[in-house]
Amino acid sequence: MSFMPWSEKFVLGIEAIDAQHHWLVDITNRLHDQLESQRHDHVAMREILEGLTDYTMNHFILEEEMFARLDYPESRAHIEEHNAFTRRTIELLLRFEKGEDTVDEDMLEFLQAWLVHHILQVDKAYVPFLKAKGIQ
Ligand SMILES: [Fe+2]
Ligand SMILES: [Fe+2]
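Residues numbered from 1 in each chain as written. Chains lettered and ligands numbered in written order. Predicted model: local features only at pLDDT ≥ 70, side-chain atom pairs only at ≥ 80, totals over all residues.

Undergrad: Explain the packing of helix 1 (residues 15-36) against helix 2 (residues 42-70) to me, please; I cannot follow it from the model alone.
TA: One can describe the packing of helix 1 onto helix 2 by two numbers: an axis separation of 10 Å at closest approach and a directional angle of 160 degrees. The angle between the axes of helix 1 and helix 2 places the two elements in the roughly antiparallel class. In this structure, the crossing between helix 1 and helix 2 has a hand that is left-handed. On the side of helix 1, the interface is formed by Ala 16, Gln 20, Trp 23, Leu 24, Ile 27, Arg 30, Leu 31 and Gln 34, while helix 2 contributes Ala 44, Met 45, Ile 48, Gly 51, Leu 52, Tyr 55, Thr 56, His 59 and Leu 62. Within the contact of helix 1 with helix 2, the residues separate by chemical class into 11 nonpolar, 5 polar and 1 charged. (Axes fitted to C-alpha atoms, helices over the stretch in contact; angles between N-to-C directions. Helix = DSSP H or I, 4+ residues; strand = E, 2+ residues; numbered from the N terminus. Parallel < 35°, antiparallel > 145°, perpendicular 65-115°, else oblique. Left-handed = near helix turned anticlockwise from the far one by under 90°. Contact = placed C-beta atoms within 7 Å. Nonpolar A, V, L, I, M, F, W, Y, C, P; charged D, E, K, R; others polar.)

Undergrad: Can you walk me through the environment of Met 66 in this structure?
TA: By the element assignment, Met 66 lies in helix 2. Residues Met 66 and His 117 lie 51 residues apart in sequence; the distance between their C-alpha atoms is 20 Å. Setting aside anything within four residues of it in sequence, one finds Met 66 in contact with Leu 130 and Ile 135.

Undergrad: Honestly, helix 2 in this entry has me stumped. Any pointers?
TA: Along an α-helix, residues three or four positions apart point the same way, because every turn accommodates 3.6 residues. Here helix 2 is 29 residues long and its end C-alpha atoms lie 42 Å apart, about the 42 Å a rise of 1.5 Å per residue gives. Listing the buried residues of helix 2 in full gives Met 45, Ile 48, Leu 49, Leu 52, Thr 56 and Glu 63. Buried residues along helix 2 sit in contact with helix 1 and helix 3 (75-97). Once helix 2 finishes, Asp 71 follows within two positions and takes phi at roughly 60 degrees, a positive value. (Expected span 1.5 Å × (residues − 1). Buried ≥ 20, exposed ≤ 12 C-beta atoms within 10 Å, placed from the backbone.)

Undergrad: Is there a simple way to explain the nonpolar core in this structure?
TA: Side chains of a nonpolar character, in soluble globular proteins, are inclined to be buried together. The biggest cluster of nonpolar side chains holds 6 residues, and these are Leu 31, Met 45, Ile 48, Leu 49, Leu 52 and Val 103. Counting residues per element, this core draws most heavily on helix 2, which supplies 4 residues. Setting aside residues up to four positions removed in sequence, Ile 48 forms contacts with Ile 27, Arg 30, Leu 31 and Gln 34. (Core = buried A, V, L, I, M, F, W, Y, C linked by C-beta atoms within 7 Å.)

Here's what the structure looks like:
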């Protein structure tokens, strides 16, 4: 059983977005597995953390470009959640690179809770709007 199993409940029905969300859940599991492993491989951990940071930023850009193109009325609050998350992950990455153990159980709990909340509440809210605009 993985730390954060992918579930049908995360599927929003927009293919490109679902694929990226799935990847974010996968990398969360990789981070968890790396933390649990006895090897404490700093390089591998940094790669996963960098991957998470890069990938979330790309994912947010995809969503935010759609919001801008289609004039999504709730974009402001949504983008603020993205920005707060990005600031937090960059801060974790920078502190990690300076040698701090920023990847711990608390960080993983935060990451998991943030993804669940964001996908199921905040992202889910744009689905009817995007679908009405022909996105699939
Ligand atoms: Fe989002
Ligand atoms: Fe998303």
